[in-house]
Every structure is written in structure tokens, then in C-alpha cells.
Amino acid sequence: MARLTRKVSIDPRNYLFTFEVDRRFPKPLPGQFVQVASSIELTLRRPFSVAGASRPGEVELLVELRGKGTRTLAARHEGSTVSLLGPMGNTFSEPSTGEVAVLVAGGIGVAGLRYLAHELAEEGKRLVILVGARTRDALLLGDLLPSATEDDRVRVAFSTDDGSAGHWGTVCELLESELDALGEDRIASPRLYCCGPPAMLREAAAIAAAREIPCEVLLEEIMACGTGACRGCVVMTKHGYRTVCSDGPVFDAAELVFEEAPNA
Ligand SMILES: Cc1cc2nc3c(=O)[nH]c(=O)nc-3n(C[C@H](O)[C@H](O)[C@H](O)COP(=O)(O)OP(=O)(O)OC[C@H]3O[C@@H](n4cnc5c(N)ncnc54)[C@H](O)[C@@H]3O)c2cc1C
Ligand code: FES
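Residues numbered from 1 in each chain as written. Chains lettered and ligands numbered in written order. Predicted model: local features only at pLDDT ≥ 70, side-chain atom pairs only at ≥ 80, totals over all residues.

1. Considerations on the nonpolar core
Here is the rule we go by: To define a nonpolar core, we join buried Ala, Val, Leu, Ile, Met, Phe, Trp, Tyr and Cys residues through C-beta atoms within 7 Å and take the resulting set. Exposure classification rests on a simple neighbour count of other C-beta atoms within 10 Å of a residue's own: a residue reaching 20 or more is buried, one at 12 or fewer is exposed, and one in between is partly exposed. C-beta atoms are placed from the backbone. In this text, helices come from DSSP runs of H or I with a minimum length of four residues, and strands from runs of E with a minimum of two, each type numbered from the N-terminal end. In this document the domain limits rely on a domain assignment from an automatic tool or a database. By the convention adopted here, residues make contact when the C-beta atoms placed from their backbones lie within 7 Å.
Leu103, Val104, Leu130, Val131, Ala204 and Val217 are the most contacted members of the largest nonpolar core, which totals 71 residues. The greatest single-element share of this core, amounting to 7 residues, is contributed by helix α2 (residues 110-122). There are two domains that each give this core at least three residues, and those are domain 1 (2-88) and domain 2 (99-255). When near neighbours in sequence (up to four residues on either side) are disregarded, Val104 contacts Leu130, Val171, Leu175, Leu192, Cys194 and Ala204.

Shown next, in the form of C-alpha cells:
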């Protein structure tokens, strides 16, 4: 069981939860997820990326309200307990010396990359964080992510579909221009880490393939058992079907077979 110690409403749709977990709960790795039973009325647990675990005994989740599971979680009071299983799944690869980690998040995809961003910033790694959303109000930024540094070791840029903040357009357009800028730096080579809606992941993977850049994506398929048994979360890879819950949720983008874009 985990105790909800802090519940912060980021905006009307998104909450940051802090849970105190049992001493035996292993320290999660970036990319891993937990399965939460937010109410006894719901048969299936809901998966959420670990959005922070920098302090021992604490796990943070950044949750967008969607349906019953997320809404019952948001209705919980501080001090209440929930059943939280994990950490589950694999993790991202480390950027090697000379590589710049370029994190690309769309919408609630920030949740899947937040812990990685803080860990890399803490380790002193060079980092570019790109965040996209539909509008200014939907941008998940603020204190959620590491701040930009004056020496550009950590760089943060954002985009909105309606141009109300940052680059007017998609986060993948922003990615292209950031990669062009990095290309002028002969020492640094980028490594991409992406989480967001399927169309964004498909486009980011295509950009990475065209530029021959390593790219990992965190997939958020709808899950049922969460243990690899029901095959409800399969994705197609070049080596056949893989389950997001037990083979992922982090995949090498070059290994994934993305569905065709609707207008392709
Ligand atoms: C590995 C993994 C990590 C995730 N991490 C996070 C996270 O950090 N923060 C977060 O807010 N969400 C995350 N999700 C998505 C989250 O699990 C779902 O939003 C949640 O289960 C919805 O539960 P619900 O009962 O509120 O909605 P439901 O009533 O189950 O569904 C409401 C609506 O949301 C849609 N939906 C449900 N699950 C998903 C999904 N996985 N992707 C897209 N649409 C979905 C349904 O089709 C339906 O339209 C993650 C999913 C996975 C698999
Ligand atoms: S959710 Fe059952 S196999 Fe992944």
C-alpha cells in the first residue's frame, strides 16, 4: 500500500500526486511505471509512469484526468492509502559521453519523461527539453521540469498548436529546428527520448530515422493485466508482436512498426 502525502492540482485536468511507499519498494528507474488501484469498484489497475522518485520512499505521478480511474484517484484525500504495484517495465538507455539528450514530450507525455529529465539534469548531463501542447493552458511546464540553465547545459523550449505560447506549430517542428542547431555543434550528437500521442511518436521516429539519430519512445498503450499474460497491449515490431507492459514500455523507435499516418 502507498499513502497519498501530497496532491497538487497543476490545472483543472492534471494532478501531481506524491505517494509514500513501503521501504521494500525498489527505487524506480526512469521509464518504469506503477499500477494503481484507485477504487475497489474498478477491476483493472491503471498504469502511470513514475514521474519522480528522487527522494527515497517517495513516488510521484503526474496524471491527466480521463475517466473513472483517474477521477477517483483525484478525488482521494491526502493521507488516504491506495494499492500501488511496481515499479514495472524497462528503462531508457543512458546518453553516452558527448551525447545530448533531447527529450520530446507531447501533452501528458511530460509525465513519462519528467523523472528522466530530473535524473539527467542532476547528473550534469547536457539536455534539451521540448514540450508541445494544443494551447498555452495545456502546456505542462512550470516547476514540473528542470529549469533552463544560463550555460545552455539544460535548454527548454515549447510549442503550441494555436501559437498561444512558444513555437507556433508542432513539437516535432521544434525538434527539427533544435536538431539543425545542434548539427552546427560538431562535438555534440543527439539521442532522442520521446513520449506523447501516437502521431507525435511516429513523426519523431521518422525524423530520427532520416537523420540516423538513436531514438527511444515510451508507449502508453491501454493495458489490462499489466503482466504480459493477456496480450492486450501488444505493439508490432520488426521482430513480431511485443507487449508494452512486459517488453516495454520503452522501445527503440527503429524497432517499432508504426501504423500508417491517416492521410498517407
Ligand atoms: C506505461 C503507461 C504509462 C502511463 N503513464 C501515464 C501517466 O504518467 N500519466 C497519465 O495521465 N496517464 C498515463 N498513462 C495512461 C493512463 O494509464 C490512462 O489515462 C488511464 O488508465 C485512464 O484510466 P481512466 O479509468 O481514468 O480512464 P478510462 O475510463 O479507462 O478511459 C477514459 C478514456 O481514456 C482512454 N484511455 C485509457 N487509457 C489510455 C491510454 N493508455 N492512452 C490513451 N488513452 C487512454 C480511453 O480509451 C477512454 O477514451 C499511461 C499508460 C501506460 C500504458
Ligand atoms: S496488459 Fe496484459 S499483456 Fe500487457
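2. Thoughts on the site of ligand 1
Applicable threshold: Only the C-beta atom matters for nearness: placed from the backbone, it must lie within 6 Å of the molecule or strand for the residue to count as near.
Among the 23 residues in the neighbourhood of ligand 1, the closest are listed as Gly67, Gly69, Thr70, Ala111 and Glu220. Contributing elements (two or more residues each) for the shell around ligand 1: β4 (46-49), β5 (58-64), α1 (68-74) and α2. For the shell around ligand 1, the element with the highest residue contribution is β4, accounting for 4 residues. Shared between two domains, the shell around ligand 1 takes at least three residues from each, and those domains are domain 1 (2-88) and domain 2 (99-255).

3. Thoughts on the packing of helix α3 (residues 171-183) against helix α4 (residues 198-211)
Here is the rule we go by: Helix axes are fitted to C-alpha atoms over the stretch in contact, other axes to C-alpha atoms as well, and angles between N-to-C directions run from 0 to 180 degrees. Angles are sorted into four bins: roughly parallel if under 35 degrees, roughly antiparallel if over 145, roughly perpendicular if 65 to 115, and oblique for all others. Two helices crossing with the near one rotated counterclockwise from the far one by less than a right angle form a left-handed crossing, whereas a clockwise rotation gives a right-handed crossing. Ten residues, namely Ala, Val, Leu, Ile, Met, Phe, Trp, Tyr, Cys and Pro, are considered nonpolar, four, namely Asp, Glu, Lys and Arg, are considered charged, and the remaining ones, Gly among them, are considered polar.
Packing of α3 against α4 leaves a shortest axis separation of 9 Å and a crossing angle of 20 degrees. Judged on the interaxial angle alone, α4 and α3 are roughly parallel. Seen from above, α3 lies across α4 with right-handed handedness. Here Val171, Cys172, Leu175, Glu176 and Leu179 of α3 lie close against α4, whose contacting residues are Met200, Glu203, Ala204, Ile207 and Arg211. Per-class residue counts for the contact of α3 with α4 are 7 nonpolar, no polar and 3 charged.

4. Overview of the sheet that holds strand β3 (residues 33-37)
Stated precisely, the cut-off is as follows: Strand pairing follows a simple DSSP-based rule, namely that at least 2 bridges must link the two strands.
The strand order across the open sheet built from 6 strands is β4-β3-β6-β1-β2-β5, with neighbouring strands paired in antiparallel fashion. In this open sheet, the two edge strands, each paired with only one partner strand, are β4 and β5. The sheet shows a mean angle of 40 degrees between the axes of neighbouring strands, taken without regard to direction. Sheet analysis places strand β1 (residues 2-11) next to strand β6 (residues 81-88), joined by 2 bridges and oriented antiparallel. Within the sheet, the bridge partner assigned to Ala2 lies in β6 and is Val82.

5. Some words on the sheet that holds strand β8 (residues 127-133)
Taking strand neighbours across the sheet as the criterion, the 7 strands line up as β10-β9-β8-β7-β11-β12-β15 in an open arrangement whose pairing is mixed. Two strands close off the open sheet at either side, each with one partner strand: β10 (167-168) and β15 (250-252). Relative to strand β12 (residues 215-218), strand β11 (residues 189-195) is paired through 4 bridges, and the arrangement is parallel. The residue of β12 that forms the bridge with Cys194 is Val217. Sitting on the sheet, α3 touches β7 (99-106), β8, β9 (154-160), β10 and β11, and the angle it makes with β8 is about 160 degrees.

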